[in-house]
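Listed below, chain by chain, are the residues.
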Amino acid sequence: MRKPSVKCALLAAMIAEHRWGSPIVGENLLSIAAIETSDYPTASDVFDELRSKPYITNQGNRGIELDNSEFGHLADVLYHECDWEPFEIKSRLKHYEGWETHDWA
């Protein structure tokens, strides 16, 4: 089994800890993500990059959180970049209402 990218590890941790209206700050996300300590500098940069992604809501100093209105885009990232299977994505993104029309291509 190959090691997930830092981005995918951070997204997996965000999904696991997601609570609407409760952004997570970088230090807390890095502490719960499945990454090596040596990857922390890279993870800090990736955290900053995530702030501008359409499936993330940037809350400034309060941190970042998932944007549930963009779960379709997030599902595509998880499938194409993180190699998650559709059944896993569906089970983790329970509040995405576009499964009937979602195109995995």
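Going by the structure above, here's the rest.
Undergrad: Teacher, can you tell me more about the packing of aromatic side chains here?
TA: The geometry of an aromatic ring pair is captured by the separation of the ring centres together with the interplanar angle, meaning the angle of the planes. Within the structure shown, the criterion is met by three aromatic pairs. Plain terms: the ring middles of Tyr 79 and Trp 104 are 5.1 Å apart, the flat faces sit at 55° to each other, and that makes the pair tilted. Of this pair, Tyr 79 sits in helix 4 (residues 71-80) while Trp 104 sits in the segment after helix 5 (86-92), and the two are 25 residues apart along the sequence. Assessed through its relative accessible area of 28%, Tyr 79 is described here as partly exposed.

Undergrad: It is not clear to me how the pattern of salt bridges should be interpreted in this structure. Could you clarify?
TA: Should their charged atoms come close, side chains of opposite charge can pair. Tallying each qualifying case throughout the model produces two salt bridges. Taking the shortest distance from any N to any O, the salt bridge between Glu 81 and Lys 7 comes out at 2.8 Å. With a gap of 74 residues between them, Glu 81 in the loop between helix 4 and helix 5 and Lys 7 in helix 1 (residues 6-17) connect regions that are remote in the sequence. Notably, a salt bridge pairs Arg 51 with Asp 48, separated by 3.9 Å at the nearest N-O pair. The exposure class of Asp 48 is partly exposed, given its relative accessible area of 44%.

Undergrad: I would appreciate a short explanation of the environment of Val 6 in the present structure.
TA: One can find Val 6 in helix 1. A relative accessible area of 14% means that Val 6 is categorised as buried. For the pair formed by Val 6 and Asn 58, sequence separation is 52 residues and the distance between their alpha carbons is 19 Å. Residues within four places of Val 6 in sequence aside, it is in contact with Ile 35, Asp 39, Thr 42, Ala 43 and Val 46.

Undergrad: Explanation requested: the environment of Lys 94 in the structure shown.
TA: Relative to the elements of secondary structure, Lys 94 occurs in the segment after helix 5. Sequence separation of Lys 94 and Glu 49 is 45 residues, and the distance between their C-alpha atoms is 25 Å. Separated by 2.9 Å, the side chain of Lys 94 and the backbone oxygen of Ser 91 make a polar contact.

Undergrad: What am I meant to see in the state of the cysteines here?
TA: A covalent bond between the sulfur atoms of two cysteines is referred to as a disulfide. Applying the stated criterion across every chain yields a total of one disulfide. Disulfide partner of Cys 8: Cys 82, at an S-S distance of 2.0 Å. Between Cys 8 and Cys 82 the sulfur-sulfur dihedral comes to about -90°; the bridge is accordingly left-handed. Of this pair, Cys 8 sits in helix 1 while Cys 82 sits in the loop between helix 4 and helix 5, and the two are 74 residues apart along the sequence. Taking the relative accessible area as the measure of exposure, Cys 82 reaches 11% and is therefore buried.

Thresholds, definitions, all that
Residues numbered from 1 in each chain as written. Predicted model: local features only at pLDDT ≥ 70, side-chain atom pairs only at ≥ 80, totals over all residues. Heavy atoms only, no water. Phe/Tyr/Trp six-rings, centres within 6.5 Å; stacked < 30°, edge-to-face > 60°. Helix = DSSP H or I, 4+ residues; strand = E, 2+ residues; numbered from the N terminus. Buried < 20%, exposed > 50% of the residue type's maximum accessible area, 1.4 Å probe, protein only. Salt bridge = Lys/Arg side-chain N within 4 Å of Asp/Glu carboxyl O. Contact = heavy atoms within 4.5 Å. Polar contact = N/O pair within 3.5 Å; in protein donor to acceptor, adjacent residues only side chain to side chain. Disulfide = S-S within 2.5 Å.

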